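# Summary of structural features
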There are 2 protein chains.
Amino acid sequence: MNYRYVAYQLGLILLVLAAALGLTTGVELVGFGWDAGERLAAAALGGATLVTGLVGAALWYGGRAKVAATLHRRDALLLVALSWLLGAGLAATPYYVWGQLGGPNRVAQVMQEGAQAGQTTQERAAALTAFDPPPPRHPFMSPVACYFEAMSGLTTTGATVLGGAPNDIVSLPHGLLLWRALTHWLGGLGIVVLFVAVLPMIGGGGKRLFQAEAPGPQSPGVRPRIRETARVLWVIYLLITLAAVGSYRAVGMGWFDSFCHAFSVVSTGGLSTRDASMGAYGSLGVDVVSMVFMLLAGVNFGLMFLLVRGRWRDALGDEELRVYLALKLVVILIVAGNIYGREIVTTAGATVEAGVGAALRFAGFQTIALHTGTGFVTADYGQWPFLSRALLVGLMFIGGCAGSTAGGIKVIRFWITLKVLAASLERSFRPRVVRPLRVGKTVVDEDNKLGALTYCLFVLILVAGGALLIGVFESKGGETVDFLTAATASLSTLGNIGPGFNGVGATQNYGWFSSPSLALMSLLMLLGRLEIYAFAVLFLPRFWRGD
Amino acid sequence: MNYRYVAYQLGLILLVLAAALGLTTGVELVGFGWDAGERLAAAALGGATLVTGLVGAALWYGGRAKVAATLHRRDALLLVALSWLLGAGLAATPYYVWGQLGGPNRVAQVMQEGAQAGQTTQERAAALTAFDPPPPRHPFMSPVACYFEAMSGLTTTGATVLGGAPNDIVSLPHGLLLWRALTHWLGGLGIVVLFVAVLPMIGGGGKRLFQAEAPGPQSPGVRPRIRETARVLWVIYLLITLAAVGSYRAVGMGWFDSFCHAFSVVSTGGLSTRDASMGAYGSLGVDVVSMVFMLLAGVNFGLMFLLVRGRWRDALGDEELRVYLALKLVVILIVAGNIYGREIVTTAGATVEAGVGAALRFAGFQTIALHTGTGFVTADYGQWPFLSRALLVGLMFIGGCAGSTAGGIKVIRFWITLKVLAASLERSFRPRVVRPLRVGKTVVDEDNKLGALTYCLFVLILVAGGALLIGVFESKGGETVDFLTAATASLSTLGNIGPGFNGVGATQNYGWFSSPSLALMSLLMLLGRLEIYAFAVLFLPRFWRGD
């Protein structure tokens, strides 16, 4: 293991994070006025910038090597895991420092009440000291909850510990809201580059079926090629983000929300600036724009790469893409039929009679949001009929396409698994018939078959194991959380989705979990984000032995 | 497809069933007095004997062929599936005829009340005609519920539609109680012979890892060899049954109950003559005897075959056996620790303070009963702490050893799957390292690896799909059964276990399900019993095409 070089690269990544924190601090300082809440946020962000910059610089400086070192497979896996683990810790500092600096509840409550009473900023700030009795504990006063929130951002999960006055999202200062959205965007970019440009080349994280522009073996020419691919992906990602900002603005969303939600949607994240998520706007335009971009963000970025290269036919003929779209279409139609004629309760608390249009709109939004793992919500789908809920849970397992920021098993693995299962049935009565198993024009080899099956089983085992541990951690006097809450909290964090059902449903949040559960779910988010293998190997003694 | 020969063999199997029915009729006629309830049962059993005999004879006669026909793989699969499908229908006739003949509720209620009031049999019979208003519908008045009960018997599941006065089990006439137990015994014998003697030779139902005495390819010598193996197995099965009868009798159980429970325990069935199952006796002796025989019945009968041949070392060194015992031991200790010091509610309604002894006894009994898929109950384990319940559900998935009458995934497949998953983790950072995967001294080939994984996934998909359909079938006005009820009903029937949790918990039954759900669960029981492939292939168009 080349620890020095790993430290060097890790330092560089943390310096990028520090730059992003610095940028956010700058925006906070010039953009959103100067009341006590925003001042505290600026201080917190500034402090976090400093800490992150120092840690990054130290690692970079300590690890710099004269020789042109190469990153081996195990070094790369370690680097990736450490980037997210340490990155989330540093990305959490603004939340935690803000929590420690002023007591967020006091600030939020006093500011709100004061503003309603017509007080000036100075008067409200003065009232802070007189505040009594102490308000309920804000999640950002717990380091574990802050880590969860940061990990949820960087892994593009979108589960939040915030919600419900006085811990509601809207009372957060602008700087922190922006930082939450930005963690999504950075994490999403990291994942796209990692899974489309880097891993297929160095071969880590399990064999990839779709290797569009990267068929070659590990070779000295790999590094420039990774850099080239990464550059194109980065530009595509940026362009989609800008298109999302423009679209949100065009349908009437404010600039700040447009930026935050664009960061969130392009990375299939899901953190919102509103407690009611997209349901807060009650706008058909916002819903449609969200649906389009969520759908797009769940597609393999490798296909967009092909599009840029002018290979339309290859991109649009992709079998995974077709299955992805077909799955969505079928489920949307069933769910829409299932909720048609019922009363839909939106996350903003309104009640809508579901005619054809409304049924399609809400069914479409929730199906796409949960399937891609974005996790935006407009309706309290936990109140929908059993069939709809069951299908949505099914899609949460499957997730979007490989090479996207979507979570879950991924459509391609699900599809290969289905084909293997079907073939195994035939083999039981025709053992000598061998039909090659194809996806598109590619024959799936035994390794990829086994890989798809093992991945499905890992996901199922981890969801079950996660639910089991959550149930144990939340046990109090023989009682514990209900089964569906534990299971979907586990599924939703492992699948990088965000919301689940019951206690973590559309109008709920993760703030009520105990610290062990939050720590566990932070791990699940990272496991899911790095497609299990790339993180789980760290727990194998063999990974650390020998070379 | 050689339909004539399939019909011929099917006819023979049904004639065996008719003989068993005839025997039960005889026992009913001479053994249990002559009151109205028993008279009706005798009539029902006699009628069923006649019908089954006629159907069997017709098939046998119609299908008899002059030439010495051979049973090909597809013929064999069809024969096996039809035996259970049609056999269950005919095995259900006593229940249904009894239901139609006299209205079981009336009989049961009037007889019980009359007996309490000191009436003679004649007086009670007369009172039947004056009974008003009509009692609630007895499950045996529904053909689907009867089919469910018969399938539950033949597949050694042990789920029952009976329970709760006036549909309670104890008010059933002796003849029907005996028939329920006998279906277990016959089904269990069929499975042992099929999976240890027949399928490994003809190669149906997926490749088997453990093929003790049957390593050879399909050859003309196969038939005598199957016959020889089957004969040994049949004797072993019979001896274990007799030992169970003697043991139950020795610890104080009556002869009738001893026979019925011996039939039930040796086949890991679970149907009991008592509504409170084994908990009705509240006897340590009964519990210990049950535990010993359940444990034994969950072991591969191929190993007992080895024991008979004097190959002790091979049998006791079997890796599957060791994992099977280790799993049990670990879970028993955890569950016992988990329930230690709590109040345990028995199925008979008593409350027991769990000291060390009681904790081990109840934990041991439920762990063994659910892991082997017997499904006897002594305690309402649904009230146990979360961790215990979760572990029990886990064992329900895994099930006993291959080549036994236990259900579930089977220990050997579970074990191979774990090994494959562990190996896949290492491959992600050492793609060129190939270690052969062994179970015992045998190297598991790619086919068996894929087979174990696909089987696990099939089980998970079928449990989920079954739960989904049950949820849909039981939907009334937007409400449906709770998630755990649907999921464990699906799991418990597919895994041939019997009870589950909540609505199908230790003190509940399946009588309240709608007919579509009961029909679905009958299918699940058969799918589980025939290890999915041997039954699921019937739904493939390719199975029926060409030859």
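If you're wondering where the values come from, they're calculated on a predicted model, not measured in any experiment. (Residues numbered from 1 in each chain as written. Chains lettered and ligands numbered in written order. Predicted model: local features only at pLDDT ≥ 70, side-chain atom pairs only at ≥ 80, totals over all residues. Heavy atoms only, no water.)

### Quick notes on the pattern of salt bridges
- Counted under the stated rule, the structure contains 25 salt bridges over all chains.
- The residue Arg311 of chain B makes a salt bridge to Asp314 of chain B at a minimum N-O spacing of 2.9 Å.
- On the accessibility criterion, Arg311 of chain B (34% relative accessible area) is partly exposed.
- For Asp314 of chain B, a relative accessible area of 39% gives the class partly exposed.
- Ionic pairing is found between Glu531 of chain B and Lys410 of chain B, a salt bridge with its closest N-O pair at 2.5 Å. Taken together, the positions of Glu531 of chain B in the loop between α20 (515-529) and α21 (533-536) and Lys410 of chain B in the loop between α16 (386-398) and α17 (411-427) put the pair 121 residues apart, joining distant regions of the chain. This pair shows no difference in class: Glu531 of chain B is buried, exactly as Lys410 of chain B is.
- The structure contains a network of salt bridges with shared partners spanning Glu228, Arg231 and Arg309 of chain A. (Salt bridge = Lys/Arg side-chain N within 4 Å of Asp/Glu carboxyl O. Buried < 20%, exposed > 50% of the residue type's maximum accessible area, 1.4 Å probe, protein only. Helix = DSSP H or I, 4+ residues; strand = E, 2+ residues; numbered from the N terminus.)

### A closer look at the interface of chain B and chain A
- The interface of chain B with chain A comprises 48 residues on the first partner and 49 residues on the second.
- Taken together, the two surfaces of chain B and chain A that pack against each other cover about 4300 Å², and 75% of this comes from carbon and sulfur.
- Our enumeration of links across chain B and chain A arrives at two salt bridges.
- With 14 residues, the top contributor of residues to the side of chain B that touches chain A is helix α18 (residues 446-473) of chain B.
- Of the residues that constitute the side of chain B that touches chain A, the class distribution is 26 nonpolar, 11 polar and 11 charged. (Contact = heavy atoms within 4.5 Å. Buried area = accessible area lost by both parts, 1.4 Å probe. Nonpolar A, V, L, I, M, F, W, Y, C, P; charged D, E, K, R; others polar.)

### Notes on the confidence of the model for chain A
Residues and elements named next belong to chain A.
- On average, chain A scores 87 in pLDDT, and the residues at 70 or more come to 89%.
- Low pLDDT (under 50) marks residues 203-220, which in the prediction has 39 contacts with non-local residues, meaning those over four places away or in another chain.
- Here the predicted complex carries an ipTM of 0.87, next to a pTM of 0.89. (pLDDT = per-residue confidence, 0-100.)

### Quick notes on the packing of aromatic side chains
- Summed over all chains, the structure comprises 37 aromatic pairs over all chains.
- A connected cluster of aromatic rings, assembled from ring pairs, spans Trp185, Trp234, Tyr237, Trp255, Phe259, Phe263 and Phe301 of chain A.
- Here the guanidinium or amino end of Arg64 of chain A rests over the ring plane of Tyr61 of chain A, the centre of that ring lying 4.0 Å away.
- Seen from the ring of Phe543 of chain B, Arg74 of chain B lies directly overhead, with NZ or CZ sitting 5.9 Å from the centre. (Phe/Tyr/Trp six-rings, centres within 6.5 Å; stacked < 30°, edge-to-face > 60°. Lys NZ or Arg CZ within 6 Å of the ring centre and 35° of its normal.)

### What about a nonpolar patch on the surface?
- There is a patch of nonpolar side chains on the surface, built from Trp234, Val235, Leu238, Leu239 and Leu242 of chain A and spanning about 450 Å² of accessible area.
- Structurally, Leu238 of chain A is set in helix α9 (residues 222-250). (Patch = residues over 30% accessible without salt bridge, like charges linked within 9 Å, V, L, I, M, F, W, Y side chains within 5 Å. Areas by Shrake-Rupley, 256 points an atom, 1.4 Å probe, with all protein chains shown as cover.)

### Quick look at the packing of helix α18 (residues 446-473) of chain A against helix α20 (residues 515-529) of chain A
Residues and elements named next belong to chain A.
- Remark: α18 packs on α20, axes separated minimally by 10 Å, with the N-to-C direction vectors making an angle of 170°. With respect to α20, the axis of α18 lies roughly antiparallel. In contact with Tyr455, Leu462, Gly466, Leu469, Ile470 and Phe473 of α18, α20 contributes Pro516, Ser517, Leu520, Met521, Leu524, Leu527 and Gly528.
- In terms of residue class, the contact of α18 with α20 is made up of 10 nonpolar, three polar and no charged. (Axes fitted to C-alpha atoms, helices over the stretch in contact; angles between N-to-C directions. Parallel < 35°, antiparallel > 145°, perpendicular 65-115°, else oblique.)

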